[in-house]
Number of protein chains: 2
Amino acid sequence: MWSMEKAGPPGAEVGDEILLARAYLSAVAEPPAPALAGFIAAHGASRAAEVVRSGSAPPSVADEVDARREHVSGEAALEAAAMAGLRLVTPEHSGWPHKSFDSLADATAIGLPGMAAPIALWVRGQVAFAESLGTSVAIVGARAASGYGERVAAEFAHGLAIEGYTVVSGAAYGIDGAAHRGALAAGRPTIAFLACGADIDYPSGHSMLLRAIGEQGAVVSEYAPGTEPRKHRFLVRNRLIAACGQGTVVVEAGARSGASNTANTADALGRPVMAVPGPVTSKSSVGCHEMVRSGKALLVTNVDHVREVLSPLGVGPTTDLPVPAKATDSLDRVAKQLHDALSDSAATSADELARDSGLPLRKVRALLPALELAGLAVREERGWSRNPT
Amino acid sequence: MWSMEKAGPPGAEVGDEILLARAYLSAVAEPPAPALAGFIAAHGASRAAEVVRSGSAPPSVADEVDARREHVSGEAALEAAAMAGLRLVTPEHSGWPHKSFDSLADATAIGLPGMAAPIALWVRGQVAFAESLGTSVAIVGARAASGYGERVAAEFAHGLAIEGYTVVSGAAYGIDGAAHRGALAAGRPTIAFLACGADIDYPSGHSMLLRAIGEQGAVVSEYAPGTEPRKHRFLVRNRLIAACGQGTVVVEAGARSGASNTANTADALGRPVMAVPGPVTSKSSVGCHEMVRSGKALLVTNVDHVREVLSPLGVGPTTDLPVPAKATDSLDRVAKQLHDALSDSAATSADELARDSGLPLRKVRALLPALELAGLAVREERGWSRNPT
């Protein structure tokens, strides 16, 4: 039946009872629902759904579910998902990204209820979820991005995707969209977490982009199909982006940007936060610069910098500053001083060179043959000159 | 006599014998001359000059002076200075910036011979030296600067000059020139240290700028009049810029920039180093970004950031991130959740709002009056709506 059809391979190993229970539980509470999540972990999805529906859940859980427990249905949610071509992925599926979401459970355990793991995920796209998140990076930033920011976001995403990283973001205008596009251009999967049902194209101007993401990667949401976007849902959604990236790169962030919220969440989850600098004259980079100044984010300027942070053992630290080599680099201060005194054209005597450079004559006499050996000085009839190289 | 005429007020208190001795000693050795500096400190300028001229100086000193001791003259140097309108400022003058140069002496003492303090300074301009360096900042950067870099350098210099900081730099093309111009535009003194005689306009394209600096501030060099610029002299000169700024701000620096050398010197002298970020797509900012990544420099994006570093007690830490306030800022997560559920137009019942927001009905009933009080919700006949503010 529908659940089996739509669930497809990863769903195949999970029975309808679980799917129905999880569908109901994901619709009954407004995320994050730490009490409900804990209740499910303790009693299992089926039993938890039963108790919630019957209205006999403990008070903390009741607070999260009472408002909707009689008004939502797992069947209806799964039907809607089937219509929209969404599949339900639950913790009971082998494809569930436990590695990513355990950090949320841990954060909840240490008293961050806002970090509760999702009850289930509604997914548009067939990409193998857990695997693709095995090597991942979140790239986020301001919606009000500059051309510079979008360009850098696309280049970072493209470069990291080619290196095998799955780019995770929020499908928003600006940096998010550029990051998804960069990953798609590399022919790699990318994952977009929405703050509304995965069946809704939000923002509407990104419906083509969302379709492409769904075909090559996945459009994902913890909200039941049909759930509208709401301001607070974007902040709640951000925790999933932060949790699903091994690290978070903020490309541009204004003084008041959701990207800063994602960065703070990643930081709270113990994930490295990186920020890309920009012109100090650009409002769009204020947030990034502040993250670096406050020590919350590492400054990164290229893909290698990000790779060093994400897989410190995977890649050796790149020499950050490739300095163009020069023939005179090997010379010490004194030898440079003498070399500077040599003329390109006229031959100069050792005495003159000594006076001119201020070096003792014996030192000049000793150094000149060395410079000649190094191919930096030429011995002539009437003295020495610089080797025009 | 010439020395008196030219020395002017600060020179007045120093006798000709000292001036002649210092003039000779500043010409006889190629800076840095740590052994000679130590010898002068131990025996005084007059006696040191006498011993050096007679060729009976100890070996370490002899190495620094023998090549020129018979070929330079204090009288000639002072004559040339008089012709060029330069005055000689020596450690014996009250106007000598001991506070700035003691750091060099200390660095030499701990085994950095390249840091030796200058023997004397040749100065174009009447500005009171020590006083003007009492509150100072070095602003340096690449010659191959971008328009962005020059604009930022000029704005930083202008802003810091207005705050009473004397801007110190090297008069080079690019960032240095922009920094001097910014300070001049603020009507404040600025000091340029040259890698050649202070009587030489280098770079020649900056002759007008150097004249303006000499009139409003000072063009300074430890090299005797007529000394030509040489590659190694720029690096040697950089130590004076680093020592004369309470801190050093690098605005743009490429992968191979003298500005990095100045920054390293400032760092070695225990002076704070600051770097201004820029587009990661700009070669001119590579050096600045690396200084921040390596922890050598603090990232600064405006004048207040620099002031915080230079006078931490003088100015309170500015709130780095002025966040625009919003009426809903004061609301907690749950209240925001309810506020999001309110409709701008249609009135909604508490029951509907509970279902919609997923919040317990009793919580909704308790929160709505609070939102009303906060002017964020409006109570109507058939329910509640959002206050259109």
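Residues numbered from 1 in each chain as written. Chains lettered and ligands numbered in written order. Predicted model: local features only at pLDDT ≥ 70, side-chain atom pairs only at ≥ 80, totals over all residues. Heavy atoms only, no water.

Novice: Give a detailed account of the overall build of chain A, specifying residues and quantitative values.
Specialist: Broken down by element type, chain A carries 18 helices and 11 strands. Here chain A has a C-alpha radius of gyration of 30 Å; the compact-globule value for 389 residues is 21 Å, and the former is much larger. Expressed as a percentage of the 389 residues in chain A, the buried residues total 56%. Partitioning the contacts of chain A with sequence separation of at least 6, the portion at a separation of at least 24 is 73%. (Helix = DSSP H or I, 4+ residues; strand = E, 2+ residues; numbered from the N terminus. Rg over C-alpha atoms; globule rule 2.2 N^0.38 Å. Buried < 20%, exposed > 50% of the residue type's maximum accessible area, 1.4 Å probe, protein only. Contact = heavy atoms within 4.5 Å.)

Novice: Quick one: what's the story with the relation of the copies chain A and chain B, residue by residue and with numbers?
Specialist: Between chain A and chain B, which share one sequence, the superposing operator has a rotation angle of 180 degrees and an axial displacement of 0.0 Å; the RMSD is 0.0 Å. Such a combination of rotation and displacement between the chain copies is what one expects of a two-fold axis. Distance from the rotation axis, computed per C-alpha, reaches its smallest value in chain A at G278 of chain A: 2.4 Å. Taken as a fraction of all interface residues of chain A, those also at the interface in chain B reach 100%, which identifies the copy contact as same-surface. (Least-squares fit on C-alpha atoms with pLDDT ≥ 70 in both.)

Novice: So, the pattern of salt bridges: which residues are in play, and what are the values?
Specialist: Residue and element names in this part refer to chain B. For the structure shown, the criterion picks out 40 salt bridges over all chains. In this structure, the salt-bridge partner of E222 is R239, at a minimum N-O distance of 2.7 Å. In this pair, E222 sits in the loop between β6 (218–221) and α12 (231–244) while R239 sits in helix α12, placing the two residues 17 residues apart along the sequence. Here E222 falls in the buried class, since its relative accessible area comes to 4%. (Salt bridge = Lys/Arg side-chain N within 4 Å of Asp/Glu carboxyl O.)

Novice: Quick one: what's the story with the packing of aromatic side chains, residue by residue and with numbers?
Specialist: Residues and elements named next belong to chain A. One pass over the structure, following the stated rule, counts four aromatic pairs over all chains. Arranged with centres 5.2 Å apart and planes meeting at 50 degrees, the rings of W96 and F101 form a pair that is tilted. For the pair W96 and F101, one class covers both residues: buried. Centroid distance Y202 to F234: 5.7 Å. Interplanar angle 55 degrees. Geometry classified as tilted. One end of the pair, Y202, is in the loop between β5 (190–193) and α11 (207–216); the other, F234, is in helix α12 (residues 231–244), with 32 residues separating them in the sequence. A relative accessible area of 35% means that Y202 is categorised as partly exposed. Note on F234: relative accessible area 24%, which makes it partly exposed. Here the guanidinium or amino end of R53 rests over the ring plane of Y24, the centre of that ring lying 4.4 Å away. (Phe/Tyr/Trp six-rings, centres within 6.5 Å; stacked < 30°, edge-to-face > 60°. Lys NZ or Arg CZ within 6 Å of the ring centre and 35° of its normal.)

Novice: Lay out the environment of A154 of chain B in plain terms, naming residues and giving numbers.
Specialist: Its location among the elements puts A154 of chain B in helix α9 (residues 147–162). Excluding residues that lie within four positions of it along the chain, A154 of chain B makes contacts with A178 and G182 of chain B.

Novice: Please give an account of the interface of chain A and chain B that cites residues and values.
Specialist: Opposite the 53 residues of chain A that make contact, chain B presents 53 residues. Taken together, the two surfaces of chain A and chain B that pack against each other cover about 4,900 Å², and 55% of this comes from carbon and sulfur. For the pair chain A and chain B, the number of links is eight salt bridges. Of all the secondary-structure elements, those providing two or more residues to the side of chain A that touches chain B are α5 (59–65), α9 (147–162), α12, α14 (286–293), α15 (303–310), α16 (333–341), α17 (350–357) and α18 (361–373) of chain A. It is α14 of chain A that provides the largest number of residues to the side of chain A that touches chain B, a total of five residues. Residue composition of the side of chain A that touches chain B, grouped by class: 21 nonpolar, 10 polar and 22 charged. (Buried area = accessible area lost by both parts, 1.4 Å probe. Nonpolar A, V, L, I, M, F, W, Y, C, P; charged D, E, K, R; others polar.)

Novice: So what's going on with the domain arrangement of chain A? Which residues, and what values?
Specialist: Taken as a whole, chain A is organised into domain 1 (1–88 + 115–120), domain 2 (127–309) and domain 3 (333–386). Measuring from the centre of the C-alpha atoms in domain 2 of chain A to the corresponding centre in domain 3 of chain A gives 59 Å. (Domains from an automatic or database assignment.)

Novice: With reference to specific residues and values, describe the sheet that holds strand β1 (residues 87–89) of chain A.
Specialist: Residues and elements named next belong to chain A. Judged by pairing direction, the sheet is mixed, and its nine strands sit side by side in the order β1-β2-β6-β5-β4-β3-β7-β8-β9 without closing on themselves. In this open sheet, the two edge strands, each paired with only one partner strand, are β1 and β9 (298–299). Relative to strand β6 (residues 218–221), β5 runs parallel, the two being bridged by three bridges. Its bridge partner lying in β6, F193 is registered against V220. Packing of α9 onto the sheet brings it into contact with β3 (136–140), β4 (166–169) and β7 (248–250), and relative to β3 it is tilted by some 175 degrees. Across the sheet, α12 is in contact with β2 (121–124), β3, β4, β5 and β7; its angle to β5 comes to roughly 155 degrees. (Pairing = 2+ DSSP bridges. Axes fitted to C-alpha atoms, helices over the stretch in contact; angles between N-to-C directions.)

Novice: Which residues make up the layout of surface pockets, and what are the values?
Specialist: If you add up the space inside the second largest pocket, you get close to 1,400 Å³. Taken together, 48 residues form the lining of the second largest pocket, with L235, N238, S257, G258 and N261 of chain A sitting closest to its centre. Secondary structure elements with two or more residues in the lining of the second largest pocket: α12 and α13 (258–268) of chain A together with α16 (333–341) of chain B. Ranked by the residues each element gives to the lining of the second largest pocket, the list is headed by α12 of chain A, at nine residues. The class makeup of the residues in the lining of the second largest pocket is 21 nonpolar, 16 polar and 11 charged. (1 Å grid on protein atoms, 1.4 Å probe; cavity = no way out; pocket = protein on both sides within 12 Å on 5 of 7 lines; lining within 4 Å. Points joined across faces, edges and corners; volume = space filled by probe spheres on them.)

Novice: How would you summarise the pairing of β3 of chain A if you had to cite specific residues and measurements?
Specialist: All names here are of chain A. With five of its five residues buried, β3 lies for the most part within the structure. Here β3 shows no split at all, with S136, A138 and V140 on one side and V137 and I139 on the other all buried. Of the strand pairs in this sheet, β3 and β4 are connected by three bridges, and their pairing is parallel. Across the sheet, residue V137 finds its bridge partner in β4, namely V167. Once the chain exits β3 it traverses α9 before rejoining the sheet at β4, and the crossover so formed is right-handed. Relative to β7, β3 runs parallel, the two sharing three bridges. Bridge pairing in β7 links I139 to V249. (Right-handed = clockwise from strand over helix to strand, strands pointing away.)

Novice: Give me the lowdown on the nonpolar core, citing residues and values where you can.
Specialist: Within the largest apolar cluster, 73 residues are counted, with the highest numbers of intra-cluster contacts made by F193 of chain A together with F101 and F193 of chain B. Sequence-distant contacts of F193 of chain A, that is, excluding residues within four places in its chain, are made with F129, V168, S169, G170, V220, R237, L240, I241 and C244 of chain A. (Core = buried A, V, L, I, M, F, W, Y, C linked by side-chain atoms within 4.5 Å.)

Novice: Run through the packing of helix α3 (residues 34–43) of chain B against helix α4 (residues 45–54) of chain B, naming residues and quoting values.
Specialist: All names here are of chain B. Running from N to C, α3 and α4 cross one another at 125 degrees; their axes reach a closest spacing of 7 Å. With respect to α4, the axis of α3 lies oblique. In this structure, α3 meets α4 at a crossing whose hand is right-handed. Across the interface between the two elements, L36, F39, I40 and H43 of α3 pack against A45, R47, A48, V51 and V52 of α4. When its residues are assigned to classes, the contact of α3 with α4 shows seven nonpolar, one polar and one charged. (Parallel < 35°, antiparallel > 145°, perpendicular 65-115°, else oblique. Left-handed = near helix turned anticlockwise from the far one by under 90°.)

Novice: Mind laying out the sheet that holds strand β7 (residues 248–250) of chain B, listing which residues take part and the relevant values?
Specialist: Residues and elements named next belong to chain B. Taken together, the nine strands give an open sheet; going across it, the order is β1-β2-β6-β5-β4-β3-β7-β8-β9, and neighbouring strands pair in mixed fashion. Across the chains shown, the open sheet's two edge strands, defined by having one partner strand only, are β1 (87–89) and β9 (298–299). In terms of strand pairing, β7 meets strand β8 (residues 273–275) through three bridges, oriented parallel. In the strand pairing of β8, V250 is matched with A275.

Novice: So what's going on with α3 of chain B? Which residues, and what values?
Specialist: Residues and elements named next belong to chain B. If you check which residues of α3 are buried, you get A35, L36, F39 and I40. Mapping the buried residues of α3 onto a view down its axis gives an arc of 135 degrees, with all of them on the same face. For α3, the exposed residues lying more than 90 degrees away from the buried face are A41 and A42. (Arc of directions from axis to C-beta.)

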